[in-house]
Amino acid sequence: MSDEILFYDLPSRGKCQCWSPNTWKTRAILNFKGIPYKTEFTPFHQLQEKLKATGISPNEPGIAWVDYSVPAIRLPSGEHLMDSLKIAHALEDLHPSPSLHLDTALHEKTSLVTAKAAGPLLPVFMPIIGRSIVLDSDSEWFETDRSQKFGCSMAEFERTKGGQQAWDAARPGMEMLRALLTEEKKDAGPFIMGSVPCYGDLVLLGLFQFFRRLGIWEKFREEYGGEEVDKLWEGGKGWVERDDY
Ligand SMILES: N[C@@H](CCC(=O)N[C@@H](CS)C(=O)NCC(=O)O)C(=O)O
């Protein structure tokens, strides 16, 4: 059995690199802790079959849209794990240093904030993912699947619910993000807690890298309108650099 972790990620068109804010949650931990891993890029249309074949139990209802989702990993022991939070706990147990500080539960606060700040932006980013990110071989699958989930074509989703109205709907989430990035600080450092990074920071850095990939980073910074986001990005961008192997 290999000493390396096998990490299941979603591929992208053109240069194949990580893009999903969900898979970034795990990849950023692997990068942050310096854990050896290799990536198994698996397109959407093969994901269910491939993860089912590992013997992993399907997601419990409410955890994801589907039975099998990424991030998923195979540990050196051969055990497969799925769901970013379960994986975070397992990696923290296996590689305690540097710590993710899961005991602070700041990642739970971060999840609430990202749901409020990024949830309303689905009509902005889903159509871009379909148009510019997923592989050509996934395009039809993505359009059909997401149209069923959102009740209209991605073009209509963008036209009727996207644009500035989506950014306006994200404003309360931006305010929650500002509170998260200012009210928990113990010193002047760039991370949620100040100079000590935690898992919540990695989740945010993955989201920022996703925005950059979609081409909406500048718009996000403009809408956020503060310096905390830039400081966090500068402090932690190294953990979301390795993205293509
Ligand atoms: N709560 C899960 C959510 C994972 C999730 O929804 N992953 C998406 C990737 S962006 C997925 O695998 N989707 C598969 C599909 O849509 O078929 C986690 O954080 O691990």
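All values reported here derive from a predicted model rather than from experimental measurement. (Residues numbered from 1 in each chain as written. Predicted model: local features only at pLDDT ≥ 70, side-chain atom pairs only at ≥ 80, totals over all residues. Heavy atoms only, no water.)

### Digging into the UniProt feature "domain: Glutathione S-transferase UstS-like C-terminal" (unreviewed entry) in the chain
Reasoning step 1: With numbering matched to this structure, UniProt assigns "domain: Glutathione S-transferase UstS-like C-terminal" (unreviewed entry) to residues 112-214.
Reasoning step 2: In residues 112-214, helix accounts for 75% and strand for 0%; the two terminal C-alpha atoms are 22 Å from one another. (UniProt positions renumbered as here; feature names shortened; annotations may be inferred. Helix = DSSP H or I, 4+ residues; strand = E, 2+ residues; numbered from the N terminus.)

### Concerning the pattern of salt bridges
Two side chains of opposite charge can pair, provided their charged atoms sit close to one another.
Reasoning step 1: All chains considered together, the criterion is met by 17 salt bridges.
Reasoning step 2: For Asp-136, the salt bridge identified is with Arg-13, shortest N-O distance 3.5 Å. Residue Asp-136 is located in helix 6 (residues 136-150), and its partner Arg-13 is located in the loop between strand 1 (5-9) and helix 1 (21-33); the two are separated by 123 residues in the primary sequence.
Reasoning step 3: Accessibility expressed as a relative area gives 63% for Asp-136, which makes it exposed. (Salt bridge = Lys/Arg side-chain N within 4 Å of Asp/Glu carboxyl O. Buried < 20%, exposed > 50% of the residue type's maximum accessible area, 1.4 Å probe, protein only.)

### Some words on the domain arrangement of the chain
Reasoning step 1: Examined at the domain level, the chain breaks down into domain 1 (5-94) and domain 2 (102-240).
Reasoning step 2: Domain 1 and domain 2 are separated by 19 Å when their C-alpha centres are compared.
Reasoning step 3: With 23 residues of domain 1 at the contact, the number on the domain 2 side is 30 residues.
Reasoning step 4: Approximately 2,500 Å² of surface area, both sides summed, lies buried where domain 1 meets domain 2, with 70% of it carried by carbon and sulfur atoms.
Reasoning step 5: Every element with two or more residues in the side of domain 1 that touches domain 2 is listed here: helix 1, helix 2 (44-52) and helix 3 (84-94).
Reasoning step 6: Top contributing element to the side of domain 1 that touches domain 2 by residue count: helix 1, with 7 residues.
Reasoning step 7: A per-class count over the side of domain 1 that touches domain 2 returns 13 nonpolar, 6 polar and 4 charged. (Domains from an automatic or database assignment. Contact = heavy atoms within 4.5 Å. Buried area = accessible area lost by both parts, 1.4 Å probe. Nonpolar A, V, L, I, M, F, W, Y, C, P; charged D, E, K, R; others polar.)

### As for the pairing of strand 2 (residues 37-41)
Reasoning step 1: Sheet topology note: the strand 1/strand 2 ladder contains 5 bridges and is parallel. Paired with Phe-7 across the strands is Thr-39, a residue of strand 2.
Reasoning step 2: After leaving strand 1, the chain enters helix 1 and then returns to the sheet as strand 2, a path that is right-handed. (Pairing = 2+ DSSP bridges. Right-handed = clockwise from strand over helix to strand, strands pointing away.)

### Notes on the nonpolar core
Reasoning step 1: Among the nonpolar cores identified, the biggest contains 76 residues, and Leu-91, Ile-129, Leu-202, Phe-211 and Phe-220 are the most heavily contacted of them.
Reasoning step 2: Looking at which element gives the most residues to this core, the answer is helix 10 (residues 199-214), with 10 residues.
Reasoning step 3: Sequence-distant contacts of Phe-220, that is, excluding residues within four places in its chain, are made with Trp-167, Met-174, Leu-177, Phe-208, Phe-211 and Val-229. (Core = buried A, V, L, I, M, F, W, Y, C linked by side-chain atoms within 4.5 Å.)

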